[in-house]
Amino acid sequence: MTVDQNPHGRVRLDSIALAMQRVRRFTRFRLAPAVYSETRPVEVSAWVVGGEPVPFDEARGQRFEPVEMGMPWGRPWDTVWFDVRGVAPTAWAPEETELVVDLGFTAEQPGFQAEATAYRPDGSIVKAIEPLNAWVPLPQHGPFRLLIEAAANPVVQVPHEYEPTLLGDLRTSGDEPHYTLRRIEVARRDIVVWELLQDVSALDGLVDVLPPDGMRRAAIVSALERMVDIMDPDDVPGTAAQGREALAPVLSTKAPAGALRVAAVGHAHIDCAWLWPTRETERKVARTFANVLDLIERDPEFVFAASSAQQYAWLKERQPGLYARVRDAVAAGRIRPVGGMWVESDTNMPGGEALARQFVLGKRFFLEEFGVESDEVWLPDSFGYTASLPQIATAAGARYFVTQKPSWNETNAIPYSTFLWEGIDGSRIFTHLPPAETYNSDLDGPDLARAERNFSEKGVAREVLGLFGWGDGGGGPTREMLAMAARKADLDGSPRVRLTDPTSFFTAAEAELPAPPVWVGEMYLELHRGALVSQQKTKRGNRHSEALLRQAELWAATAAILKGAAYPAAQLEDAWRTVLLQQFHDILPGTAIAWVHQDAEAGYARVESLLEELIETALAALTGDGDSDDEVPLAANAGPLAQHGVPAMGIGPAPVPAPAAPRAKDGAWVLEDDRLRVVVDDRGALVSIRDLVAGREVLPEGTAGGVLQLLRDTPREWDAWDINEEDQRSGRELLEPAWVRGDSDAVVVRHEIGKSAVDVRISVVDGHLDLAFDIDWQESQKLLKLAFPIDVRADRAASELQFGHLHRPIHRNTSWDTARFETVAHRWIHVGEPSWGVAIANDVVYGHDLRTIAAPSGRPMVMARLSLLRAPRYPDPSADQGRHSFTVSLRPGGIPEAVADGYRQHLPLRARHGAPVAPLVAVSNPAVVVEAVKLAEDGSGDLVLRLYEAHGDRSPAAVTTSVDWDAVEATDLLERPTGDSAVQRVEPRRVEVTLRPFELLTLRFRAPRAAA
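Residues numbered from 1 in each chain as written. Predicted model: local features only at pLDDT ≥ 70, side-chain atom pairs only at ≥ 80, totals over all residues. Heavy atoms only, no water.

Participant: Quick rundown of the overall build of the protein chain? Include the residues and the values.
Facilitator: Broken down by element type, the protein chain carries 18 helices and 55 strands. Over its C-alpha atoms the protein chain spans a radius of gyration of 31 Å, differing by no more than 12% from the 31 Å that the globule rule assigns to 1012 residues. Projected onto its principal axes, the C-alpha coordinates of the protein chain cover approximately 95 × 85 × 60 Å. Buried residues in the protein chain amount to 62% of all 1012 residues. Looking at the protein chain as shown, the accessible area adds up to about 36900 Å², and 49% of this sits on carbon and sulfur atoms. (Helix = DSSP H or I, 4+ residues; strand = E, 2+ residues; numbered from the N terminus. Rg over C-alpha atoms; globule rule 2.2 N^0.38 Å. Buried < 20%, exposed > 50% of the residue type's maximum accessible area, 1.4 Å probe, protein only. Areas by Shrake-Rupley, 256 points an atom, 1.4 Å probe, with all protein chains shown as cover.)

Below, the structure written as structure tokens:
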């Protein structure tokens, strides 16, 4: 569009801009209002639930009171049922007759405000009612009755975006109605006018994306002008057919032979929780599937892809009638379960076994319920993608991966759209990043033009994926989107659009790119780095639950095999389902409303109670009840490595070493054992950490370690999501403690910050420096980091992630290095030189930053920092307030020591009394780590081990068992045979394996079967 500025200051538009101004005004004020040319009133009565949602059968028996349009309704999070009775006129065609509803919608995207479900009197669902999809079909003439369940979900995102709001907590959301009932009436949809409106929308969307001086753009604008000229603004229905005729020539002009091909897949990215609780997601899922089933009946080409087994499970439990229809649609190939995961989880913070179980439970559900197995990973909106994901996904049988989130990167763009993604063990998965850079497309001109502009492989390939349908809050595709797809199927000025399914797209994309480029390592998101720190109570619940699940499965499997105890498979699966749900990419990252995190903490408490009971039951079966006189004090070691003489995954006597007693010296405190000496000064800072074995000092001269840093935390946007690097220029070190005291086995430091208090117990035990934090956190928009300067010359650091670790550069040579200023690590990080290094382990921290900087001497050193706490204000203004605890340890050593320390923090010894129990399984090489011990998913009683190579080297090992078995085989994650070459030799009670660096291996030991 050409503009000019005349001497009077008015903007002068070019002729095309002026023409489109006229066309758009006509469309908005004449054409769109004429879609519903006739209406009939209905009788409406209402019942206010006044609390949590109730089932249809309970609602329909309530007393409904008559209401009028203009009625205020909708206390936040409440539900109002409307009983609607009317008559569908016999003179109207069934396909024209609809109930049109306006609950007080705004112009914002659906899914973030009020929405509703329309039921027939028998309780069957007709369709959802949403801001941009607010109609219900009335296919039968005569009297009708519908019951509408209207959810008064408050608008949390707009206008409150990034500002504190009390609407995210049921206790503080208030009682004032948020909506006004504007319209419920029977309306006649003029199909010719509606089709004309879709014609105009398709063409209008091209005007601003076509070359401004091109012939095609001019022809479209000319046709739109003719349409306005021909039509009578006072008789739009009577002249709509003529308007369509005026547009027909430009709509029939075909796309060139080499046009980009967009494989349009309908879907609805439904967040399992975000600005609404999971209980509302259950209803969103039902609404979305109801919309989809309606569209399936109307368009034989439409296919809908839906991920997240959890959401199908909710539908099965809450809406069995609708679920039966979904099953039929899956069987017919019209609905495609995709992704193969329990939920669209975060991939940075879940542990390795948890990420594996996302696929195990998700794929099992799809196989058992629908008889289908999805072969793609479907994660459009997670906040970065771990370098472990390719091997986990391929071990679950996946072949393809889809996301668009890297397009949100602030600084750098991944240079490929279609490529092979290589993980830490060398596994590769065929990957596509839809170049339209959205999973909420409506297939309009701007989205398709962006796809063509951004497609990196154009020139050698033409296939791209287009994900269309309202998402985040659900809703899915609309009939307008299908109309757009039909018009763009072969239209000059637009890529060709075809409705299809994910498998067809990937088959075509693979065929045209036989040698795709390769991306190696993580797909780091240069945004949302604060999600590694926000809502630490949720993160602690996740880490603790993963540890308890490991223990419960190990001891229950051991008790089942050695003692014949019952294996609590159903209870374990129930716990896993809760943990996996809460790894959803807006729950575990801490980016949801207060209600969601309150639910998450309650869920973790239930999981802890259940698993502690299962662990105690299994250990009692193994060691006895502790009442016998000949029983001795024991420790149960659920870890994969021996601790203090207790064998890995066994139970035995444990002489636990005592911490070193502090001694005062020259105004400081000294903690020392035979391997480590630590000096704490009167500021509570560590001024020396001496490795007595290697004779090296950890801290560079003139620096202090274990120092807390309080930084400003005021992101430019996305409060709970983002940490901005510029905020870290403003902060201070906490070096003026309230007091420093020597205790019997530690030095204790108290820091007071405003209304907050931080207590740190510093101890040295068994060659480790341990810092145990007890924090009462009352800060707002502050970031608390723990800093350790390390005297090594290094240009990279290792961070543990799922089934291995990743080396990242810690310099700033490139824009990629600079943008990676906050990174994820699980239980440990490590920096070092070839012969000496330092490991820092933790029990709940995920956010880290490591950089090479100058020491006071001018020589390089590494600054390693752990991000402990934040206090964002949106979407939960009370985020992170309250008590928190952390344990951080430091130990000189290499990667093996880092791995051992990580498991020591994660799986501490558990005190017992009774008889020792030899391990069910042992591994000869500490580089080969057992991550899970369990019984098989199919209930056969077979023993299943999940192992991985942890040191980054090719590692042989012997796996031995204390019991006999009939056969052993390597399997995929779903415990199906693969014939993996890692299994080298099989002997009675012994299997020899050789694992590549970071290789993941699942072994299934077939239990002896009774003779027939």
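Participant: How would you summarise the packing of helix 15 (residues 569–581) against helix 16 (residues 594–623) if you had to cite specific residues and measurements?
Facilitator: Relative orientation of the contacting elements helix 15 and helix 16 amounts to 155 degrees, with a least axis distance of 10 Å. Between helix 15 and helix 16, the angle falls in the class roughly antiparallel. Helix-helix and strand crossings are classified by hand; for helix 15 and helix 16 the assignment is left-handed. Packed against helix 15, whose contacting residues are Gln571, Leu572, Asp574, Ala575, Thr578 and Val579, the element helix 16 presents Gly603, Val607, Leu610, Leu611 and Leu614 at the interface. Partitioned by chemical class, the residues of the contact of helix 15 with helix 16 number seven nonpolar, three polar and one charged. (Axes fitted to C-alpha atoms, helices over the stretch in contact; angles between N-to-C directions. Parallel < 35°, antiparallel > 145°, perpendicular 65-115°, else oblique. Left-handed = near helix turned anticlockwise from the far one by under 90°. Contact = heavy atoms within 4.5 Å. Nonpolar A, V, L, I, M, F, W, Y, C, P; charged D, E, K, R; others polar.)

Participant: Go over the pairing of strand 12 (residues 142–151) with me, naming the residues and quoting the values.
Facilitator: Burial within strand 12 is extensive, with eight of its ten residues counted as buried. Here ten bridges tie strand 7 (residues 79–88) to strand 12, and the two strands are oriented antiparallel to one another. Note on strand 12: the bridge partner recorded for Asp83 is Leu147. Relative to strand 12, strand 9 (residues 115–119) is paired through five bridges, and the arrangement is antiparallel. In the strand pairing of strand 12, Ala116 is matched with Ala150. (Pairing = 2+ DSSP bridges.)

Participant: Which residues make up empty space enclosed by the protein, and what values go with them?
Facilitator: Under the counting rule described, the total for this entry stands at seven cavities of 30 Å³ or more. Estimates place the volume of the largest cavity at around 220 Å³. Around the largest cavity sit 22 residues that line it, and Gly351, Glu546, Arg827, His906 and Glu931 are the ones nearest its centre. Where the lining of the largest cavity is concerned, the elements lending two or more residues are helix 9 (352–370), helix 14 (536–563), strand 39 (796–801) and helix 18 (895–906). Broken down by element, the lining of the largest cavity gets its largest block of residues, four residues, from helix 14. The residue makeup of the lining of the largest cavity, split by class, is ten nonpolar, five polar and seven charged. (1 Å grid on protein atoms, 1.4 Å probe; cavity = no way out; pocket = protein on both sides within 12 Å on 5 of 7 lines; lining within 4 Å. Points joined across faces, edges and corners; volume = space filled by probe spheres on them.)

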